[in-house]
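Here is what each chain is made of, one letter per residue.
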Amino acid sequence: MRPRWRKVLHDLIDNKARTLLVVLSIAVGVFSIGVISGAYQIISNDMSVSYAANHPANVELRMANYNTDVLTSIHNAQGIGEAEGRRVNNFRVRAQGSDQWVALDVVALESFSKNQVNLLAPVSGAVEAGKDEILLEKDALKKLNAAVGENLTLELSDGTLKELKLVGIVQDVSTGAGDFLAPPFAYVVMKTLPTLRQPELFNRAYVTVAEGQDDIANIREVGTALKDRLDKNGTAVSRTRFSETHKHPLADTVNAILGILLALGILIVFLSSSLIANTLSALLSQHLRHIGVIKLVGGRNKQVFAMYLTLIMAFGVLALLIAVPLGGQGAYGLALFIANKLRFNLLGYRIVPMALMIQVAVGLLVPLVAGLAPVISGSRITVLRALSGDLAGDENKPQAGQPDRLPWFDYMLVRVTRILAMRGIHIPRPFIISLRNTFRRRGRLMLTLFTLTMGGAIFIAVFNVRVTLHDYIGAIGSYFRADVTVDFDKTYRLSEIQNFGLQVDGVERVEAWQFIGTELLYPDGAVADNLNMLAPPANSKLVNPIIVAGRWIRADDVRKFAVSEAILNFFPDLKPGDPIHLKIKGRTEVWEVVGIFKFVGREGILAYTPFEYSSQVLNLTNRSSSYRFVTTQHDRATQDLMAERLDHFFRGAGFKVRQAESGLASLDTASESLDTLVVFLLIMAILTAIVGAMGLTGTMGMNVLERTREIGIMRAIGADDRAVMRTVIAEGFVIGAMSFGLAIILSIPFTYLLSTIVSLAVFETPIDVVFTYMGYAIWFGLILVLSVVASILPARNAARLTIREVLAYE
Amino acid sequence: MSSSIIELRNVSKTYSTAAGDFIALTNVNMNILAGEFLGIVGKSGAGKSTLLNMINGVDQLSSGEVIVRADNENISIHTMSEDERARWRGKKMGVVYQSFQLLPMLTLIDNITLPMDLSDNYKPRESKERAMQLLQLMELEEHANKLPAFISGGQQQRVAIARALANDPPILVADEPTGSLDSITADHIFEVFEHLITDQGKTIVMVTHDVGLVSRFSRSLTIADGELLSESIPDTKLNHGRKK
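Since we're looking at a predicted model, the values are computed, not measured. (Residues numbered from 1 in each chain as written. Chains lettered and ligands numbered in written order. Predicted model: local features only at pLDDT ≥ 70, side-chain atom pairs only at ≥ 80, totals over all residues.)

## Some points on the sheet that holds strand 2 (residues 20-33) of chain B
All names here are of chain B. Selection criterion: When DSSP finds at least two bridges between two strands, those strands are taken to pair. The numbering of helices and of strands both runs from the N terminus, where a helix is a DSSP run of H or I of at least 4 residues and a strand a run of E of at least 2. Throughout, an axis means a line fitted to C-alpha atoms (over the contacting stretch in the case of helices), and angles, computed between N-to-C directions, take values from 0 to 180 degrees. By definition, residues are in contact whenever their C-beta atoms, placed on the basis of the backbone, come within 7 Å of each other.
With antiparallel pairing, the 4 strands of this open sheet are ordered in space as 2-1-4-5. Unpaired on one side and paired on the other, strand 2 and strand 5 (73-76) mark the two borders of the sheet. With direction set aside, neighbouring strand axes in the sheet form an average angle of 20 degrees. Strand direction decides the pairing type here: strand 1 (residues 4-17) and strand 2, joined by 10 bridges, are antiparallel. Pairing of Thr14 across the sheet is with Ile23, part of strand 2. Contacting strand 1, strand 2 and strand 4 (63-70), helix 1 (residues 48-55) runs over the sheet at an angle of about 60 degrees to strand 2.

## Notes on the packing of helix 2 (residues 16-53) of chain A against helix 8 (residues 353-379) of chain A
All names here are of chain A. Here is the rule: Angles below 35 degrees are treated as roughly parallel, those above 145 as roughly antiparallel, those between 65 and 115 as roughly perpendicular, and all remaining angles as oblique. Note on convention: the crossing is left-handed when the near helix lies turned anticlockwise from the far helix by less than a right angle, right-handed when the turn is clockwise. Amino acids are sorted into nonpolar (Ala, Val, Leu, Ile, Met, Phe, Trp, Tyr, Cys and Pro), charged (Asp, Glu, Lys and Arg) and polar (every other residue, Gly among them).
Packing of helix 2 against helix 8 leaves a shortest axis separation of 9 Å and a crossing angle of 160 degrees. The angle between helix 2 and helix 8 falls in the class roughly antiparallel. Helix-helix and strand crossings are classified by hand; for helix 2 and helix 8 the assignment is right-handed. Contact residues: helix 2 offers Ile26, Gly29, Val30, Ile33, Gly34, Ser37, Gly38 and Gln41, while helix 8 offers Met354, Ala355, Ile358, Gln359, Val362, Gly363, Val366 and Pro367. Looking at side-chain class alone, the contact of helix 2 with helix 8 contains 9 nonpolar, 7 polar and no charged residues.

## Notes on the domain arrangement of chain A
Operational definition: Throughout, the edges of the domains are those of an automatic or database domain assignment.
Here chain A is described as being made up of domain 1 (56-244), domain 2 (406-479 + 665-810) and domain 3 (484-633). Of note, the centres of domain 1 of chain A and domain 2 of chain A, computed from C-alpha atoms alone, are 55 Å apart.

## Let's talk about the environment of Ile458(A)
All names here are of chain A. As a reminder of what qualifies: Here exposure depends only on C-beta density: within 10 Å of a residue's C-beta, 20 or more other C-beta atoms make it buried, 12 or fewer make it exposed, and intermediate numbers make it partly exposed, the C-beta atoms being placed from the backbone.
Position of Ile458 relative to the elements: it lies in helix 12 (residues 442-477). What makes Ile458 buried here is the crowd of 31 C-beta atoms within 10 Å. Each C-alpha atom of the pair Ile458 and Asn278 lies 21 Å from the other, and the pair is 180 residues apart in sequence. When neighbours within four sequence positions are excluded, Ile458 is seen to be in contact with Leu264, Ala685, Thr688 and Phe750.

## A look at the sheet that holds strand 9 (residues 219-224) of chain B
Residue and element names in this part refer to chain B. Sheet architecture is open: 6 strands sit in the order 6-7-8-3-9-10, paired in mixed fashion. Unpaired on one side and paired on the other, strand 6 (93-97) and strand 10 (227-232) mark the two borders of the sheet. When the angles between neighbouring strand axes are averaged without regard to direction, this sheet yields 20 degrees. Pairing of strand 3 (residues 37-41) with strand 9, which is carried by 4 bridges, proceeds in the parallel orientation. Looking across to strand 9, one finds that Leu38 is bridged to Arg219. Where helix 1 meets the sheet, its contacts fall on strand 3, strand 7 (171-175), strand 8 (203-208) and strand 9, and the angle it forms with strand 8 comes to roughly 155 degrees. Along the sheet face, helix 5 (residues 153-164) touches strand 6 and strand 7 and points at about 165 degrees away from the line of strand 6.

Here's what the structure looks like:
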């Protein structure tokens, strides 16, 4: 090997700590971008492939009971490909030997072998259930500790218990794919329905369109025509859902979330590049003498440039060797995690070529770009300057032609020290040295501060976003603030339920709520979307809406309703007072919007009308099948207990209870989903913090190295180990404290930006930002620890040097 | 009489510092003859290192001209760019410093091979062979694969001289090459220089603060406050040889 390349090799391997710092700085960025881009590629491909492979329905119709004749007519309708009827009922289910009830949607199929739409994929055991047998969707196992071969106990609405044999586990990636809060599924054959005291009739239709399965406009058109036809023929359709074959219903949300993570990944690359620039610039300044010698013996600029460029490329290649395999594993791990959460399958572990190319490009180009400026200036340095030993590069040192005065920081320091001294406050001299040292290499200080500040600001912002999201979920929960909701299979008089309900210990109040399934119509009569209209008493304290425009409902409102912001997707200019066409019980009516409130867009359009008026619409005066109970205590445990107690009580009293659920149950599920997202954000924030800490360690190491001579002088005039270490650690602390101050400021716009992006992706609406001291407090503690820890190693190295060594440096 | 190999015409150098302008050299005119061992003697701060840096092109002059006549070329070195000067120096002028300036991570043989590698004057195998020859000349062949830190100061200085000779330049400039060596080792270095002049016809310019060394040069110039004051030609064996 030629001597110049041997020098490059030695530069790479002789200073292992420095090489490790640079390589890890590059690797962190390459890893982050590899994980995100890989996961993005895997998910965007596998999510649609896996979803489409199960022949998902393009149109899902929730209907009143219907028979095979209606199913045949659906099948024969224009534009329809496949059509399958199913019956879905919610039951409480218990595993053998367990007393824990779990609510499951039990789906009855006509025939497992003729299953054409929303296919079931076998996981274990049988793939078909016979009479009085049941299959479980694999997600149900998370809540139900059951094994194939065991019996499951189902509680019927009249309180009767029935046992079905669990014969297999299947996976259904299509049914309920778009619903985070969908209950787990179980599958039976229609012949089992009499055992469950259900009619052998369908209440759902799963339909594919014959053509244009990825054309949502076509799907809507075919679906709406089908629905109209069913309505005209007397089969009421309460809800329709449209989806494309090759697009998972949550694809947009997942892509938006991955987009946020990608932005953070790019930021990490950016931050690590500033760290690389810092380290390489220090490396070059340490190598000035080497460059001087090379030029002295005939080395030209381009030769020096090529040597250091090769060194940088070597750093990049080493980083790639670490980060590419880890990034590949991380990408698949992240994709698998998301796939499990959203119930779709991956096509197996693989190297994603695009992600690999991005990683290679980032791993080689980022250090190249970051190191270009220091390498160019290093390679152009004159022999005289290189050999003159001016290695400290003190930017405060007076230069020729500069006015003869102290730099501003030193001037301020002198003034402040003097003022404090006059008041009897004496700042220790070593601390003044630390303060001045901090500002000596301003370029390096700026890059270090930038990295640490960005890391801190993102870290703090993630905590704020977490609280913001939870606060919003809490606010959403305030639309249904009942402690327990009990749904019955038939309607009961309010007075009857009140009389019974208030007998249960811990129940304070009972409200009857009604539900009207309606459709939002365009002025031309075409269906825009479903509209779920809830009808609580107008003075209900269980709803605390976030009103965006207009007012809340009143008891005397007739054909008036308050509606969620999601309606603006269909009528962007809608305002309170405007008329809206609705289809209610097959009739087209004109209602007036009295107010618009905030709600999760993804959950569809929600509306409220007073119970007082809905009773007339439904012809159910003072009757309902859904009751809200307010209990004396409102924690989750009490709610669960009260739900259980009310369920038992009403069943015992002969009421046909369908379900009793605690108010916080579904909110907790939503919060868990959001926490998963927050964990990802936090991982990215921690990665940025790591890059920041590495930056600080590198900076402190370089500062100490460059000031070896000064440390020698300090020791020569009596500074002991502790004094030297204190000076270095105090410098790290000052940088940490400054970055914390800046991070506080920067965290505010970051919080707003991140909250808005996340809320638009998840809730489809911007939400009010909430700040928490938590992120600030944790980051403050963390930055203090990081600053000290990052300074300890360089400080120890400084303290270990003997006077002879340090004064002989260079 | 030998011809002039280096000519300095009205060379001046002024440094601008925060404390004001500092005149390091004032109107220096001198000729360096081919094959002579010229000593430039002066106290610390007299301007001798600055003068040397004008000759080897490491520093830029403020005014004047330095012309080097080697291998049938007349070159005004300060008209070249820094990069061109580096290339020229690599081939035509070897430089030796008091602090050796060896690259600590390279073995002795690699340090000597480096100028040949950078100039592409020799093929890799030839450069290795030549480096070994130079090490033999310096009686250091058994240390060829050691790092500089593992040999003595005198040995390091001989390696630095070997490196300066790597591309077989006609001129060697040395800045206090014996300044950090004991007298026996320094004497050895002088023997090497004398050998290079008498046997290889090199021209050597050396600066020193030690007036006791004047007798070792074929000619010496005294410098003080940036001006050349006097010239002396001692009666040495080098001059005897030249007279022959």
